[in-house]
Amino acid sequence: MKSAPRTRGLSRLAAALALAALTVLWVAPAPPTAAATTVTTVTSVSTIAEALRDTPVYVDPAASDQLSASDATTLADQIKNADKPLFIAVLPAGYPTQNLFTKLRTATGVTGLYAIRLGDAFDARADAAVLPRAAVRNLVTTVEGEDTRAQLSDFTNSALTNMGGSAPASWNSSSDGGGVPTGALITVGAVLVAGGAGGYALVRRNRRRHEEEQRAALEKLRVVVDEDITAFGEELDRLDFHPAEQGADDAMRADYERALDAYEQAKTLMAEVRKPEEVRAVTQTLEEGRFSLAQLAARREGGPLPERRAPCFFDPRHGPSVTDATWTPPSGAPREVPVCAADATRLADGRDPVMREVDTDAGRRPYWDAGPAYGPWAGGYFGGGILPGLLVGTVLGSMMATPAYASDYGSGYGDFGGPGGYEGGDVSGADFDSDDFSGGFGGGDGGGDFGGGGDFGGGF
């Protein structure tokens, strides 16, 4: 009779033990950690593009440690004041790069020059109407290896000097409060100072000195341009072409007539030159005449017509270039320059090209190391935005980048007119030449070297 309670006790003990076993075996899952629940947010290209339509510099929140807000504002103000369509994006390392430039250009829809700093890498692309690909590549090469602030600042300074086009209208704002521009205040102050007798005398003395410098520069240019005109006339004589000769057709006669007209026009223009910047029209005419001669020579030989290219960088008297070649000036960075067939062969063989030298106080020097007077001369040959990228890092290129040069010699390389116009900053949507933005970082077709692999070398 006493065994029943004992049995019930044993049953309760077994149940307790079973429950304890289950408690030990079942472990509640740990709450998710912060790391596990954090989702990396990538700013969309459309968001970046929308920001760039309002201001020229965008810094991704995840890359805010690369460029401070104050530095970004300074860059943006500089670009706006220059009225150029330069767009800069600072993005974090690891940002998706596939077709990044093409996507950004499409989403922004504005013709311009686009530069991206991604982590420690940097590259740029541009519409050809704003800056030729070779010029973009050369500008990027000169700032490789710099920290973000220095790199973007140096690139901006060079780009604004060299590129064409105008800033998009969407950057205009009333934030300036309609205040008087700083330049206007400086001008007013200068006028007030010059109002005094001493100021007037100073202005007259500076004007005389400036006129003397202009005359001296023009005399240097006359020697060089006269050599060019003479050389072109000798080319016409060596051609020994007669419009009535056997085999001559209307196309040949038209080429020859254009070449003769260019020769006569160059002489007339040079006789009328009164300022150094006016020389640009003379050398531009000679460049057009030499291209006509190259076309005529090709027709007479029955070969393909030459591509319209810039003349040989080392000496425009060599005629139109046939290819681009890598050249490194002393103490400078490598850059792509247009070269004639003979100089291309010399460079390939490891020899020096035949360079155009001019007289200086230090003796004969290549024209790009001979002083500011030769800017207009070179500008006539290499107009349309090509010259800036070629001269980056040279004496002439550095001088041409200063406001003082522009006031003394004009832009040197012209007003970006060129065939078909030289525009930028216009809203073109997706209607643009995607080839201008193609190629991978480091792929050789774009600006700088972002390395290989699946990131910036993967192509975009």
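Residues numbered from 1 in each chain as written. Predicted model: local features only at pLDDT ≥ 70, side-chain atom pairs only at ≥ 80, totals over all residues. Heavy atoms only, no water.

Caption draft 1: Region of interest: the overall build of the chain. Helix and strand counts for the chain come out as 16 helices and eight strands. By the burial criterion, 42% of the 460 residues in the chain qualify as buried. As displayed, the chain offers around 23400 Å² of accessible surface, 54% of which is attributable to carbon and sulfur atoms. (Helix = DSSP H or I, 4+ residues; strand = E, 2+ residues; numbered from the N terminus. Buried < 20%, exposed > 50% of the residue type's maximum accessible area, 1.4 Å probe, protein only. Areas by Shrake-Rupley, 256 points an atom, 1.4 Å probe, with all protein chains shown as cover.)

Caption draft 2: Focus on the sheet that holds strand β2 (residues 86-91). With mixed pairing, four strands are arranged side by side in an open sheet as β1-β2-β3-β4. Either end of the sheet is taken by a strand with one partner, and the two such strands are β1 (57-59) and β4 (121-126). Across the sheet, the mean angle from the axis of one strand to that of its neighbour is 10 degrees, orientation sign disregarded. Relative to β2, β1 runs parallel, the two sharing three bridges. Residue Tyr-58 lies in a different strand from β2, and its bridge partner there is Ala-89. (Pairing = 2+ DSSP bridges. Axes fitted to C-alpha atoms, helices over the stretch in contact; angles between N-to-C directions.)

Caption draft 3: Molecular detail of the pairing of β2. Summarising burial for β2: six of the six residues are buried, a large majority. The two faces of β2 match: Leu-86, Ile-88 and Val-90 on one face and Phe-87, Ala-89 and Leu-91 on the other face are all buried. One crossover worth recording links β1 to the parallel β2 by way of helix α4 (residues 69-82), and it is left-handed. As defined by bridge partners, β2 adjoins strand β3 (residues 113-118) across six bridges and the pair is classed as parallel. Paired with Val-90 across the bridge in β3 is Arg-117. (Right-handed = clockwise from strand over helix to strand, strands pointing away.)

Caption draft 4: Geometry of helix α11 (residues 279-301). For α11, which comprises 23 residues, the first-to-last C-alpha distance of 34 Å matches the rise-based estimate of 33 Å (1.5 Å per residue) to within 8%. Where α11 ends, the next residue or the one after it, Gly-302, has phi of about 75 degrees, a positive value. (Expected span 1.5 Å × (residues − 1).)

Caption draft 5: Here's a closer look at empty space enclosed by the protein. Summed over all chains, the structure comprises one cavity of 30 Å³ or more. Put simply, the largest cavity is a space of about 30 Å³. In this structure, the largest cavity is lined by Glu-287, Arg-290, Arg-309, Pro-311, Pro-316, Gly-319 and Pro-320. (1 Å grid on protein atoms, 1.4 Å probe; cavity = no way out; pocket = protein on both sides within 12 Å on 5 of 7 lines; lining within 4 Å. Points joined across faces, edges and corners; volume = space filled by probe spheres on them.)

Caption draft 6: Structural detail: the packing of aromatic side chains. Applying the stated criterion across every chain yields a total of 17 aromatic pairs. Where Phe-314 meets Trp-368, the ring centres are 6.3 Å apart and the plane angle is 65 degrees; that geometry is what we call edge-to-face. Here Phe-314 is found in the loop between α11 and β5 (323-327), whereas its partner Trp-368 is found in the loop between β8 (363-366) and α13 (374-381), with 54 residues between them in sequence. Between Tyr-367 and Trp-368 the ring centres are 4.9 Å apart and the planes differ by 75 degrees, which places this aromatic pair in the edge-to-face class. Tyr-367 sits in the buried class, given a relative accessible area of 0%. (Phe/Tyr/Trp six-rings, centres within 6.5 Å; stacked < 30°, edge-to-face > 60°.)

Caption draft 7: Here's a closer look at the environment of Tyr-95. In this structure, Tyr-95 sits in the loop between β2 and α5 (100-108). Between the C-alpha atom of Tyr-95 and that of Leu-118, which follows or precedes it by 23 residues, the distance is 7.3 Å. Within the local environment of Tyr-95, its side chain forms a polar contact with the backbone oxygen of Thr-43, the two atoms lying 2.5 Å apart. (Polar contact = N/O pair within 3.5 Å; in protein donor to acceptor, adjacent residues only side chain to side chain.)

Caption draft 8: Structural view of the nonpolar core. By size, the foremost hydrophobic cluster in this structure holds 45 residues, and its most contacted members are Leu-86, Leu-91, Leu-113, Leu-131 and Phe-155. Broken down by element, this core gets its largest block of residues, six residues, from β2. Filtering out sequence-adjacent residues up to four positions away, Phe-155 remains in contact with Leu-86, Leu-113, Ala-115, Phe-122, Ala-124, Leu-139, Val-140 and Val-143. One finds Phe-232, Met-270, Ala-370 and Ala-378 within the second-largest nonpolar core, a separate group that totals 41 residues. (Core = buried A, V, L, I, M, F, W, Y, C linked by side-chain atoms within 4.5 Å. Contact = heavy atoms within 4.5 Å.)

Caption draft 9: Spatial organisation of unusual backbone geometry. Residue Asn-99 is not a glycine yet carries a positive backbone phi of 55 degrees. With respect to the helices and strands, Asn-99 occurs in the loop between β2 and α5. By relative accessible area, which is 33% here, Asn-99 ends up partly exposed. Look at Asp-240: it is not a glycine, yet its phi comes out positive at around 50 degrees. Summarising the element assignment, Asp-240 is placed in the loop between α9 (197-239) and α10 (250-272). Since its relative accessible area comes to 48%, Asp-240 is described here as partly exposed.

Caption draft 10: Just the packing of α4 against helix α7 (residues 148-162), in detail. At a closest axis distance of 11 Å, the pairing of α4 and α7 adopts a crossing angle of 0 degrees. It follows from the interaxial angle that α4 and α7 lie roughly parallel. Along the contact surface, α4 presents Asp-71, Leu-75, Gln-78, Ile-79 and Ala-82, while α7 presents Arg-149, Leu-152, Ser-153, Thr-156, Asn-157 and Leu-160. Residue classes in the contact of α4 with α7 are distributed as five nonpolar, four polar and two charged. (Parallel < 35°, antiparallel > 145°, perpendicular 65-115°, else oblique. Nonpolar A, V, L, I, M, F, W, Y, C, P; charged D, E, K, R; others polar.)

Caption draft 11: Region of the structure containing the environment of Ser-153. Structurally, Ser-153 can be placed in helix α7. C-alpha of Ser-153 to C-alpha of Ala-72: the two residues are 81 residues apart in sequence and 9.8 Å apart in space.

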